[in-house]
Structure formats: C-alpha cells, structure tokens
Amino acid sequence: MGVVFAVRAGHKPSDDAEPLVVARVVQNQYAGRMARPREFDENRVLLAVRDEFWDKGYAATSMDDLLRVSGLGKGSLYGAFGDKRSLFLRVLREYDDANLLALRERLASAAKGVDVVREFVLGLTGDPTGAAARRGCLLANSNAELAASTPDVAAEARRSYDAITAVLTAALERARSEGDLDPGADPSETARAALVAQLGLIALGRTGMDIDALSTIAHSTLARLLPAPAQ
C-alpha cells in the first residue's frame, strides 16, 4: 500500500497543496520498488523440477538442468524457491503429501480394506512396459541416495513411511472386520510388512527386472502377507 496523507477536517487544501504532490511522488517511488507478481505457473515449474530430480537423482541434477526444465532464470528460480536443496526438499514433501492423500482417498472409496493393501504392494507392477518399475519412487530413490548424508531427507522418509503405515493399518483393521484377514493377524505389524514388501519390489524394479517376474514375486509376497482366513 502507498503512503497516504490525511487532510485535516475543515481544511481546504490550496491548488498547489504540497502534501498531495509528495504523496503521489512517494507512492510512485514505492510502487516501483514493489516486487512484481510471479509470471509463471508455479505448479508446472514444481512438477518439471520434480521429474528432473526423479529421473536423474539429486546429485546428478545440476542447477543448469533445473533452469532448463523450469524455463526460469537463475534469479527467478532462487527468488521463488531458494537454492537447489530447498527446492528438492519442497518437491519431495509435496510428492509425499500427494501420494499420502491419494492413499487415504483410496481407503475411503474402496469396497474392501484388503484391496487397498494389495494395490499398494502391486503398484509398480501395473505398468506392463516396466517403465514405472525402472523409474521407482521418488521418495525411495532419494532415501537410498541421501538418507545417510542428509538428515532432512531421512526425517522426511520416516514421516512419510509412518503416515503410510497408519493408513495401511486402518485398511487392515477394516479387512479383519470384513473377514478378509485372519483374526489373529496384527494389522500394525502386517502394515509394516506390506511397506517393506513394497520397498523391496521398488528396489528390484529399479534393477530392470522383467516385469512378469516382478509381478510374480509381488503376488507371492501378498499371498503370504494376507492369507485367506480359515473357513
């Protein structure tokens, strides 16, 4: 907001009233110093940056890469998002939050709780080309690359995996009540095992394992994790 000069009650300013002239000058100078509104699609930039980190990994992604995919100049990129590390942590957090929201929404809409856990474990095997399996998961990839050297990434992985485990636990509690999980099974422990299974499959998929072999492993693992209740 510009500088405002009030006119005293009952006082009629002359034609050359100095305060109003000063007000205009100060207001124009102030407006000239105000930051210009961003002239780019922030979501598009963040998605482009996320995909660059996802495809190359953190260390192999240079600032030149980020400038290229974002279409921004260095000053604009730094001004909007901070340095490379800050930008990476932001896109990682948003990626995790989006996946967590999708998992929660899937549980809310699923006909059966057990279906949510099956889909979670089978996830990457749904792409018959194997491209999704080879690409892996941004969080899992980043945790493998950076957790030992970057505490913020390790903390984000723990936060995300704890939240995922909570949703899977709720799904398995529902599955047990629906008769799709052995009454003696511990939903919390089974949820952790399902997360471990998914992370193992991601690691195998990143090696380029044949997608049919990966799918067979996934189904075999689920059969052991989620045995049908005794009739």
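Quick notes on the rules
- Residues numbered from 1 in each chain as written.
- Predicted model: local features only at pLDDT ≥ 70, side-chain atom pairs only at ≥ 80, totals over all residues.
- Heavy atoms only, no water.
- 1 Å grid on protein atoms, 1.4 Å probe; cavity = no way out; pocket = protein on both sides within 12 Å on 5 of 7 lines; lining within 4 Å.
- Points joined across faces, edges and corners; volume = space filled by probe spheres on them.
- Helix = DSSP H or I, 4+ residues; strand = E, 2+ residues; numbered from the N terminus.
- Nonpolar A, V, L, I, M, F, W, Y, C, P; charged D, E, K, R; others polar.
- Axes fitted to C-alpha atoms, helices over the stretch in contact; angles between N-to-C directions.
- Parallel < 35°, antiparallel > 145°, perpendicular 65-115°, else oblique.
- Contact = heavy atoms within 4.5 Å.

(A) Summary view of the layout of surface pockets. Looking at the largest pocket, its volume works out to about 520 Å³. Tyr 95, Asn 99, Phe 120, Cys 137 and Gln 198 are, among the 24 residues lining the largest pocket, the residues nearest its centre. Every element with two or more residues in the lining of the largest pocket is listed here: helix 5 (84–109), helix 6 (113–122), helix 9 (151–177) and helix 10 (187–206). With seven residues, helix 5 is the single largest residue contributor to the lining of the largest pocket.

(B) A look at empty space enclosed by the protein. One pass over the full model with this rule turns up one cavity of 30 Å³ or more. Roughly 40 Å³ of volume is contained in the largest cavity. For the largest cavity, the full set of lining residues is Phe 120, Val 121, Gly 123, Leu 124, Thr 125, Gln 198, Leu 201, Ile 202 and Leu 214. Per element, the largest residue contribution to the lining of the largest cavity is three residues, and it comes from helix 10. For the lining of the largest cavity, a count of residues per class yields six nonpolar, three polar and no charged.

(C) Region of the structure containing the packing of helix 10 against helix 11 (residues 211–225). Where helix 10 contacts helix 11, the axes come no closer than 11 Å and their chain directions differ by 170°. With respect to each other, helix 10 and helix 11 are oriented roughly antiparallel. Across the interface between the two elements, Thr 190, Ala 193, Ala 194, Ala 197, Leu 201, Leu 204 and Gly 205 from helix 10 touch Leu 214, Ile 217, Ala 218, Thr 221 and Leu 225 from helix 11. Partitioned by chemical class, the residues of the contact of helix 10 with helix 11 number nine nonpolar, three polar and no charged.

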